[in-house]
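Structural description and commentary
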Amino acid sequence: MERRHIALKDSIRSIPDYPKPGIVFRDITTLLSDPRAFRRAVDALVHPYAGGRIDQVAGIEARGFILGGAVAHQLSAGFVPVRKKGKLPHKTVSIAYTLEYGTDELEIHVDAIKPGDRVLLVDDLIATGGTATAAVNLLRQIGAEVVAACFVIDLPEIGGAQKLRDLDVPVRTLMEFEGH
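Residues numbered from 1 in each chain as written. Predicted model: local features only at pLDDT ≥ 70, side-chain atom pairs only at ≥ 80, totals over all residues. Heavy atoms only, no water.

A word on the sheet that holds strand β3 (residues 56-60)
- One open sheet accounts for seven strands, arranged β5-β6-β4-β3-β7-β8-β9; its pairing is mixed. The sheet terminates laterally at β5 (92-99) and β9 (171-176), the two strands that pair on one side only. Shown here is a sheet whose adjacent strand axes are inclined to one another by a mean of 20°, direction ignored.
- Each of β3, β4 (78-84), β7 (118-126) and β8 (145-154) is contacted by helix α3 (residues 63-75), which is oriented at about 140° to β7, the strand it contacts most. (Pairing = 2+ DSSP bridges. Helix = DSSP H or I, 4+ residues; strand = E, 2+ residues; numbered from the N terminus. Axes fitted to C-alpha atoms, helices over the stretch in contact; angles between N-to-C directions. Contact = heavy atoms within 4.5 Å.)

So, unusual backbone geometry
- The step from Y18 to P19 runs through a cis peptide bond, and the omega angle for that step is 5°.
- In this fold, P19 is placed in the loop between β1 (13-16) and β2 (24-27).
- Of the consecutive residues E61 and A62, the connecting peptide bond is found in the cis state with omega at -5°.
- At D168, a position not held by glycine, the phi torsion is positive, near 65°.

Quick look at the packing of aromatic side chains
- What the rule picks out here adds up to two aromatic pairs.
- Aromatic pair Y18 and F25: ring centres 5.4 Å apart, planes at 90°, arrangement edge-to-face.
- According to the relative accessible area criterion, Y18 is partly exposed, its value standing at 45%.
- Assessed through its relative accessible area of 23%, F25 is described here as partly exposed. (Phe/Tyr/Trp six-rings, centres within 6.5 Å; stacked < 30°, edge-to-face > 60°. Buried < 20%, exposed > 50% of the residue type's maximum accessible area, 1.4 Å probe, protein only.)

Focus on the environment of I12
- The residue I12 is located in the segment before β1 in this model.
- Under the relative-accessibility criterion, I12 is labelled buried at 9%.
- In this structure the C-alpha to C-alpha distance between I12 and I126, which are 114 residues apart in sequence, comes to 15 Å.
- I12 has contacts with R26, D27, I28, T30, L31, I153, M175 and F177, leaving out every residue within four places of it along the chain.

What to know about the environment of A132
- Along the polypeptide, A132 turns up in helix α4 (residues 130-141).
- Exposure remark for A132: the relative accessible area of 5% places this residue in the buried category.
- Considering only alpha carbons, one finds A132 and G160, 28 residues apart in sequence, at a separation of 8.2 Å.
- Once residues within four sequence positions are removed from consideration, A132 is found in contact with I60, L121, I126, F151 and L164.

Re the pairing of β8
- Of all 10 residues in β8, nine are buried; the element is thus mostly enclosed.
- Here β7 pairs with β8 via eight bridges, running parallel. Opposite D123, over in β8, you have F151 as the bridge partner.
- On the question of chirality, the crossover connecting β7 to the parallel β8 by way of α4 is right-handed.
- Across five bridges, β8 lies against β9 in parallel orientation. For F151, the partnering residue across the bridge sits in β9 and is T173. (Right-handed = clockwise from strand over helix to strand, strands pointing away.)

A few points about the packing of helix α2 (residues 35-46) against α3
- For the pair α2 and α3, the least separation of the axes is 9 Å and the interaxial angle reads 60°. It follows from the interaxial angle that α2 and α3 lie oblique. Like other packed secondary-structure pairs, α2 and α3 cross with a definite hand, here right-handed. Within the contact between the two elements, α2 uses F38, R39, V42, D43, L45 and V46 and α3 uses I66, L67, A70, V71, Q74 and L75.
- Considering only residue class, the contact of α2 with α3 consists of nine nonpolar, one polar and two charged. (Parallel < 35°, antiparallel > 145°, perpendicular 65-115°, else oblique. Left-handed = near helix turned anticlockwise from the far one by under 90°. Nonpolar A, V, L, I, M, F, W, Y, C, P; charged D, E, K, R; others polar.)

Shape is all these values report; function is a separate question.
Below is the structure:
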């Protein structure tokens, strides 16, 4: 049976009051499970960088791994996982960052990026920008040139994409949703 053509934004499931009251969680697993939507999203993330030099795609744990791996494949680039502290088996470099209530740390392998590598940062959603900003700073700490950051979803009212732009990182998003 032929699937009907739907807008990419329609492939996102919205879950009210998750993980807490007042928050609408934007779930991309429905996009990922739809072969056409998944392909269109990856193609749209890749398009501005196709034919250019991207050495590595860095994906933020965990949905950034799925999207970033597909983007890296399409760009013939390597893939670097940006993980929460304690998940990588080799020597790492880390950065602490502030969350709404407390702090967290991101890590990458110390040898994942060579100085001067052109890196594209990928994740599913940009909200406050805390994790993405930390990832940019971590990548720069070991010599990466962060070419841009790409996200499927932007929550512009929260301001995270602007925080990255303020760090001179161009931001590409495929869609916006209002609210938190």
